[in-house]
Amino acid sequence: MRILGISAHYHDSAAALVVDGVPVWAVQEERLSRHKGDAAFPLLAIESCLQHAGMDPDELDAVVFYERPMLKFDRVLTCTLRAFPQSWRAFPKAMKNLLGEKVWMRGIVSSHLGVPGRKVLFTEHHQSHAAAAFLTAPTRRAAIMTADAVGEWATLSIGDGERLPNGATKIRRFREIRFPHSLGMLYSTFTAYLGFRVNEDEYKVMGLAAYGKPTQVEDVRRLIRRTPDGAFALDLKYFEFHTTAERSYSSRFIELFGPPRNPYEPIDFNTAEGRRFADCAASVQRVLEDTMVELAQSLHHETGLPDLCLGGGVALNGVANARLLAESGFDRIFVPPAPGDAGCAIGAALYCDRIHFGNPDRDLPDHPFWGPSVDGSELAQLAREDGHSAAVCEDDALINHVADDLAADRIVGWMEGALEFGPRALGHRSILAAPHTTEMRDRLNREIKYREPFRPFAPVVPIESAGRYFDIPPGGARLARFMSGVFPVRREWRSQLRAITHVDGTARLQILEHAMAPRLHALLEAYGRRTGIPVLLNTSFNLAGEPIVNRAVEGYSTFLRCKIDVLVAGGTRVMKRTSGMERTPVHKMKEEIA
Ligand SMILES: [Fe+2]
């Protein structure tokens, strides 16, 4: 059975193809359209899925959309009318927005793809998140918690999932919390207040939090109170996101927390104002964590299960995830590589396969690499046309050259195999560098990533060495598989891992098993043989404001526009002509291989 899953029209659209119960392809629209956070109907991603499988749309058994547009319409209409007359300005825009194309999804899918309307199905938004979290995890029974800004009505759901011995699958929802009461919206409101982009920059709030003290926890708690049934409710007088699209916080919010940050002014921790914003971030971070921990504790108590699957955009908060692991009572926590809305494309397709059609349970590959593969020969041709030195090497020679590059403080653009699905570079589209000095961190920030200096870089380490450099609790390696947990760097190594150690002594590390990315694993080992420390700085291969690179030409164009010294795609290694460093002539490298 062939099922296409689609997520679209909020942020980060994506498509995924599931064939006979197993994902075979999944890609975010932004990676193909090159428009960051592309929320359009994902025609390119869909085409890419079909092309990969060599299929025409009429060979699809079902196309599943990741939420129910009429329920969403119901929510927007109800909230807008409830907030009338304050919402009168927002009303025409909201109606135009939804009625324009988003509500009539069956017709849109049907006309775009030429499939009959009866083949177009819908899952609920949080069912998609739950399926993406549970059905991709290597567990047969688990509690499930999903939390985001909002889907149709639900903003947080709890339940459980079970893969039965007879091949049937159950995903149950015990309870849900509904809009406008939303942990994601609470965090996004502070994201906007702190001058960052909502739905994009929430991780900056988490990074900023490490610089502050949670001095305003009591004030944040006025915004969100726990209810007797164990849920929570926002005090809506502090918010405006439910009445207008213009601003998410109210004047009462500003009375409580002070004037919002001007996005164009850098945050200076030497000023009282800079520290106020950091304290504010630390306070909302603490309240988010406390709330998640309490909800997870009661879910653990209720289910008695050792495993928890987490989904929804809130599951991208690695600091909260680490606290959940430490304090919720669950032994293992599974966060998929794409817990946000893009991942719902896989979730919706899998939910439809297992639950709607009742197809038998399948073990799924445990990796994030579901997109297009990079072509090293394309890079070699591009580079040679421009007069750059391009060498095509076999694996061992390539690994040794790149390890030498990294040990000589060269910054490497690393493209390998299939593109990651999800927001993080997990070793196939990464910028790699030596992790030891603050100079390297500043160089990357200044010359390549052009981003705020307070944001940390992440490390990648082989699973065999992780415990030596990082303080990994039981279950931590699983959480760090897709970079979903933040853990302490061991004190004795912090001075040698300055580029990846955050101000509070932690790192959002990726722990790499050989089978998941063998060449990167080999590179880490080779780097370790040269420097004594098999750890590399790993940041996503993109420039500020651009999506992560996909094809060789995009990696090459990025390489030319910034100060990356070496570019690798598959077996091809290119050095920048202008880098002023000694170059290895092509003929010499070929001799070495021979
Ligand atoms: Fe969501």
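Note: the structure precedes this text.
Rules and cut-offs
Residues numbered from 1 in each chain as written. Predicted model: local features only at pLDDT ≥ 70, side-chain atom pairs only at ≥ 80, totals over all residues. Heavy atoms only, no water. Phe/Tyr/Trp six-rings, centres within 6.5 Å; stacked < 30°, edge-to-face > 60°. Helix = DSSP H or I, 4+ residues; strand = E, 2+ residues; numbered from the N terminus. Buried < 20%, exposed > 50% of the residue type's maximum accessible area, 1.4 Å probe, protein only. Lys NZ or Arg CZ within 6 Å of the ring centre and 35° of its normal. Contact = heavy atoms within 4.5 Å. Salt bridge = Lys/Arg side-chain N within 4 Å of Asp/Glu carboxyl O. Donors = N, O, S within 2.8 Å, 3.2 Å for Na, K, Ca; no water. Tetrahedral: all angles 85-135°; square planar, octahedral: opposite > 155°, others 65-115°. Core = buried A, V, L, I, M, F, W, Y, C linked by side-chain atoms within 4.5 Å.

**Student:** So what exactly am I meant to see when it comes to the packing of aromatic side chains here?
**Tutor:** To describe a pair of aromatic rings, one takes the distance between the centres and the angle between the planes. Taken as a whole and assessed by the stated rule, the structure comprises 17 aromatic pairs. When the centroid spacing of 4.6 Å and the interplanar angle of 65° are considered together, the rings of Tyr469 and Trp493 count as edge-to-face. One end of the pair, Tyr469, is in helix α17 (residues 466-469); the other, Trp493, is in the loop between β19 (487-488) and β20 (506-507), and 24 residues separate them in sequence. The class of Tyr469 is buried, set by a relative accessible area of 2%. Through a chain of ring-to-ring contacts, the aromatic side chains of Phe179, Phe190, Tyr193, Phe239, Phe241, Tyr249, Phe253, Phe257 and Phe277 assemble into a single cluster. Against the face of Tyr238 rests Arg252, its NZ or CZ located 6.0 Å from the ring centre. The ring of Phe559 has Lys576 sitting right over it, with the charged end atom 4.6 Å from the ring centre.

**Student:** Whenever I open this one, the environment of Asp471 confuses me. Can you help?
**Tutor:** Tracing the backbone through its elements, the reader meets Asp471 in the loop between α17 and α18 (476-479). Asp471 sits 35 residues away from Thr506 along the chain, and the two C-alpha atoms are 9.2 Å apart. Apart from the residues within four sequence positions on either side, Asp471 is in contact with Phe487, Pro488 and Arg490.

**Student:** Sorry, what's going on with helix α7 (residues 183-193) here?
**Tutor:** Residues three or four positions apart in an α-helix share a direction because the helix packs 3.6 residues into each turn. By the criterion of burial, α7 is predominantly enclosed, with ten of the eleven residues buried. All of the buried residues along α7 are Leu183, Gly184, Met185, Leu186, Tyr187, Ser188, Thr189, Phe190, Thr191 and Tyr193. Following α7 by one or two positions, Gly195 adopts a phi angle in the positive range, close to 85°.

**Student:** Please explain the pattern of salt bridges as it appears in this structure.
**Tutor:** Where side chains of opposite charge bring their charged atoms close, a pairing between them can arise. Evaluated as defined, the whole model comprises 41 salt bridges. Notably, a salt bridge pairs Glu176 with Arg178, separated by 2.8 Å at the nearest N-O pair. Linking Asp307 and Arg332 is a salt bridge whose minimum nitrogen-to-oxygen distance equals 2.7 Å. Of the two residues, Asp307 sits in strand β11 (residues 307-311) while Arg332 sits in strand β12 (residues 332-334), which places them 25 residues apart along the sequence. Residue classification places Asp307 among the buried residues on the basis of a relative accessible area of 5%. In this structure, a network of salt bridges that share partners links the residues Arg221, Glu289, Asp290, Arg323 and Glu327.

**Student:** Before we go on, may I ask you to explain the coordination of the iron ion in this structure?
**Tutor:** Each donor-metal-donor angle would ideally measure 109.5 degrees in four-coordinate tetrahedral geometry, or 90 or 180 degrees in six-coordinate octahedral geometry. Coordination of the iron ion by the protein is provided by His125 (NE2), His129 (NE2), Asp148 (OD) and Asp341 (OD), with metal-donor distances spanning 2.1 to 2.2 Å. In this structure, the iron ion is coordinated by four donor atoms arranged in irregular fashion, with angles at the metal of 89 to 170°.

**Student:** When you look at the nonpolar core in this model, what are you seeing that I'm missing?
**Tutor:** When a protein is soluble and globular, its nonpolar side chains tend to lie buried together. The biggest cluster of nonpolar side chains holds 136 residues, and the ones touching the most others in it are Phe470 and Leu523. Contacts of Phe470, omitting those with residues within four sequence positions, involve Pro459, Val461, Pro488, Val489, Arg490, Leu497, Ile500, Ala507, Leu509 and Val535. Counting residues in each nonpolar core, the second largest holds 58 residues, with Ala15, Val22, Phe122 and Cys309 among its members.

Interpretation in functional terms is not warranted from these geometric data alone.
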